[in-house]
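Report on the structure
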Amino acid sequence: MNIQLFPEQIDPVSFSARFLARLSLILSAPLNWMSPGRIEKILVKLIKNNPPASEKQVKTARNAVCIVSSRCRSQEGCLRRSLAVVLVLWLQRKSVSWCTGYAQEPFRAHAWIELNECPIGEPAEVQIYSKAICVPHRSNNILRKESYLKKIKQENIERKKKESEIINPENHTPSVNIRSLFALAKGHNWEFICVGILGLISAALTLAQPNLVANLIDQSNTGIKINSSLGILIIVLILSTILTAVQYYLLQIIGEGVVFKARKSLISHLLRLPIHEYDTRSVGDLLSRVSGDSSKLRMALIQVSIALSSGFLVVVGAAIGMILRDSLLFFMALSTVCVSFIGTIIMSKTIQKASFSAQKELGKLSGDIERDLHAIRTIRATNATDIEEEKSKLQAERLRNIGIRLAKIQAFMTPISNMTLQLSGLIVLGIGGYRVSIGLMSVADLIAFALLLYTMIGPIGQVFNAFGGVGESLGAFARIRELLELALESDYDVTPAIPPSSNLITEETAVYFEKISFGYNKIKFGSDPKEKEDSMILKEVTLRAEKGKRTAIVGPSGAGKSTMLQLIERFYDPDSGQIFVQGKDYRHYSREELRNYITYVEQDAPVISGTLRDNLLLGNSEISDSNCIEVLEEVNLHHLLDRDSKGLDMQVGESGANLSGGERQRLAMARSLLSSAEIVLLDELTSNLDSLNELGMKKAVDKLKGKKTVIVVAHRLSTVIDSDIIYVLEHGRVVGSGNHNELIDTVPLYRELAKEQFVDREV
């Protein structure tokens, strides 16, 4: 039936609107036979990404549908009309809401379209209909909200990316170029000038050779001229060879100088990094930058210098010579070289990135091997050799895969350059031979042209190879720059603006902690205060070590005892509070000046590879052999002198492998006793000693009383019960201080520790 549902005025529309309406009626025809739920799913997918249409656009689409289809103006056509309007707007990349509903008394159903919950082209009666289905369009508010959320999400992604670059600096690839690489060659100006002069002369001699050969052919009638030209040619060849050898020698000198300069910078930087960098980085990876990465710088310098000196001049000179002999033939050969040159430049960028990844994976492999070798006894004892071997082999396999990927890229460069050069040669021979046959070119000119081409081919090949080598060298240089860009320990020094003040407490103390809080994991700004509290190793610790007295710090493992000693050495800076050393805020000292006051015996008593003398003189370079022998007897290590005929030159092995744990501790203590520092820090000095050696070590420490300030961390209370003052740490807080007798009476934790070690009696 064509009975209109409501009386309405249909306005005329354009031809394009009527065309879209007809197309939409065709497209919407299958929807009229589907269930409402199915229609809803389809429309949701269609309009979910389209912005909302304007009211004018919706009315125009509705009028167009009603004009082209009289059925869409009837009661039966409401579904057909509304679906067609939705599709008209969808074809215009717009959206509108599609709704169905019903009304009671009498029961009637209807389908209509809405914009911002307002029916379009419908009478007011539609407002009383109860909606059964509504497929909403994307309102401007929703679009703005989605745009805002998308912006916030993108900002979060960028922020996390920046944070990951800060937290994981290995993910950050520094930007390097050939200019920054050549900056390392500063100071070799005279060598570069000589290389340039030699390159100029060598290029001239090389370019003269084709002309000499052409003269030999032109002068074939007289033997005397041939002999003289031949002699000149031989002399030119010999001179060119000698000059090229000298040029390469000078470039090798420059290359070695650059490698030496890079290694000096790396060594200086490596030994002055903040302690936390050594905590988070692999030692093997750091070492690979000094050894492997720095060696690769030499290749780029030599190849680029050769290409830019004699190679460039030869290419230019040969090109001029070929243009003078036959310009058409030259430009035809040049076109093939240019295409190959562009491809080579593109591939060199990829080589640089792949080389950086390969060097990074090589550093990881070096770190894994270095770790395994240091812990080889533990690995063997736990039968973990196969497991560690498999881990290292997997890393080696990853390195191989990256190497294969790099080799694939490099493998294309050589065939492409060879193909280009061969194609250029074929063009010269083919077209040049044709031009000779028709009289446009002489045989002598063709031979000279071919010789000039092959003279130019060598330097061009050097350029192609240089791009591959430079990419690999720049990848290695990026890893070197990555390390050199790390801040040094001294870069974190901030001298307080307030001048050093003194008071009675700080003047009488060698070391004074004032409400010190510290955590190894630095919390980001704006983090939860509870998270910050949980991350703290030390929490508002106050401690006073008087001059010339012995101060002990005891407590369970993980309480923060060793951390306090590392803060005194300023390996780390506290998050809050102040530390005074010798009556002055220790930030007013340089780190070197501060550490001149302190000698530190670490918990694991590391021993450097070398001799007994090397270890004893570490930081004590002015000590005589007699003093060394005397202090070895004091710590009960005189037997080491008898063990080896070399005496003080006895080798202690890698990390002191030839010494027992107790001997390493006593050697570290001997080095400390030789020091002239006024403050002695001892961390678990007797942990590896038997009772007799412990007693001897205790006597050595007792001799320091009144001469030096001793701060000792200990688990064995028997070694510290006679200290002048004992601080008890628990969960990063000082829970008590006093002498042994006072702590047994007042601190339950200390009393429990003393009871377990059978030293709970008063002294």
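Here the structure is shown first, and the text comes after it.
An account of the accompanying structure is given in this report. (Residues numbered from 1 in each chain as written. Predicted model: local features only at pLDDT ≥ 70, side-chain atom pairs only at ≥ 80, totals over all residues. Heavy atoms only, no water.)

For the rest of this paragraph, the subject is the packing of aromatic side chains. In this structure the tally under the stated criterion is seven aromatic pairs. Between tyrosine 520 and tyrosine 572, the aromatic rings sit 5.2 Å apart at their centres with planes inclined by 85 degrees, giving edge-to-face as the arrangement. Of this pair, tyrosine 520 sits in the loop between strand 5 (509–518) and helix 17 (529–535) while tyrosine 572 sits in the loop between helix 18 (561–568) and strand 8 (576–581), and the two are 52 residues apart along the sequence. Given a relative accessible area of 35%, tyrosine 520 falls into the partly exposed group. The rings of Phe518, Tyr520 and Tyr572 are connected pair by pair, giving a single aromatic cluster. A cation over a ring is seen here: arginine 570 above tyrosine 586, with NZ or CZ 5.4 Å from the ring centre. Stacked on the ring of tyrosine 589, the Lys or Arg lysine 584 has its end atom at 4.4 Å from the ring centre. (Phe/Tyr/Trp six-rings, centres within 6.5 Å; stacked < 30°, edge-to-face > 60°. Helix = DSSP H or I, 4+ residues; strand = E, 2+ residues; numbered from the N terminus. Buried < 20%, exposed > 50% of the residue type's maximum accessible area, 1.4 Å probe, protein only. Lys NZ or Arg CZ within 6 Å of the ring centre and 35° of its normal.)

Moving on to the pattern of salt bridges. Inspection of every chain in the model, using the stated rule, returns 21 salt bridges. Note that glutamate 55 is salt-bridged to lysine 59, the shortest N-O span being 3.3 Å. Linking glutamate 55 with lysine 59, this pair stays in helix 3 (residues 55–68), spanning four residues, or about one helical turn. By relative accessible area, which is 44% here, glutamate 55 ends up partly exposed. In this structure, glutamate 485 and arginine 481 form a salt bridge, with 3.5 Å as the shortest nitrogen-oxygen distance. Here arginine 481 falls in the partly exposed class, since its relative accessible area comes to 24%. (Salt bridge = Lys/Arg side-chain N within 4 Å of Asp/Glu carboxyl O.)

Under the 1.5 Å per step criterion, the end-to-end length of helix 23 (residues 661–674) is 20 Å for 14 residues, consistent within 8% with the ideal 20 Å. Among the 14 residues that make up helix 23, 12 are buried, leaving the element largely enclosed by the rest of the structure. Taken residue by residue, helix 23 has Gly662, Glu663, Gln665, Arg666, Leu667, Ala668, Met669, Ala670, Arg671, Ser672, Leu673 and Leu674 as its buried positions. (Expected span 1.5 Å × (residues − 1).)

We now examine helix 24 (residues 691–702). Look at helix 24: 16 Å from first C-alpha to last across 12 residues, which is about the 16 Å you get at 1.5 Å a residue. Of all the positions in helix 24, only Asn693, Glu694, Met697, Ala700 and Val701 are classed as buried. Projected onto a plane normal to the axis of helix 24, the buried residues spread over an arc of 120 degrees and lie on a single side. Residues of helix 24 that are exposed and point over 90 degrees away from its buried face: Ser691, Leu692 and Lys699. (Arc of directions from axis to C-beta.)

Glycine aside, a negative phi is what most residues show, and trans is what most peptide bonds show. In this structure, lysine 515 is a non-glycine residue whose phi angle is positive, near 50 degrees. In this fold, lysine 515 is placed in strand 5. On the basis of relative accessibility, which here comes to 55%, the residue lysine 515 falls in the exposed class. Its identity as a non-glycine residue notwithstanding, arginine 570 has a phi of 60 degrees, on the positive side. As for its placement among the helices and strands, arginine 570 is situated in the loop between helix 18 and strand 8. Residue class for arginine 570 comes out buried when judged on its relative accessible area of 2%.

Right, let's get into the sheet that holds strand 6 (residues 538–546). Consider a sheet: its strands pair through backbone hydrogen bonds, and that pairing is either parallel or antiparallel. Read from one edge to the other, the open sheet built from four strands follows the order 6-5-8-9, with strand pairing classed as antiparallel. Lying at the two open borders of the sheet, with one neighbouring strand each, are strand 6 and strand 9 (584–585). Where strand 5 meets strand 6, six bridges bridge the pair, whose relative direction is antiparallel. Its bridge partner lying in strand 6, isoleucine 516 is registered against valine 541. Where helix 18 meets the sheet, it contacts strand 5, strand 6 and strand 8, and its direction lies at approximately 115 degrees from that of strand 5. (Pairing = 2+ DSSP bridges. Contact = heavy atoms within 4.5 Å. Axes fitted to C-alpha atoms, helices over the stretch in contact; angles between N-to-C directions.)

In spatial order, the strands read 10-11-12-7-13-14; together these six strands make up an open sheet with mixed pairing. Two strands in the sheet have a free side with no partner beyond their single neighbour: strand 10 (598–601) and strand 14 (733–738). Each neighbouring strand pair of the sheet contributes to a mean axis angle of 15 degrees, computed without reference to strand direction. As defined by bridge partners, strand 11 (residues 679–683) adjoins strand 12 (residues 709–713) across five bridges and the pair is classed as parallel. Within the sheet, the bridge partner assigned to leucine 682 lies in strand 12 and is valine 712. Across the face of the sheet, helix 18 comes into contact with strand 7 (550–554), strand 10, strand 11, strand 12 and strand 13 (725–730) while running at roughly 150 degrees to strand 11. Against the sheet, helix 23 contacts strand 10 and strand 11, and its axis sits at roughly 175 degrees relative to strand 10.

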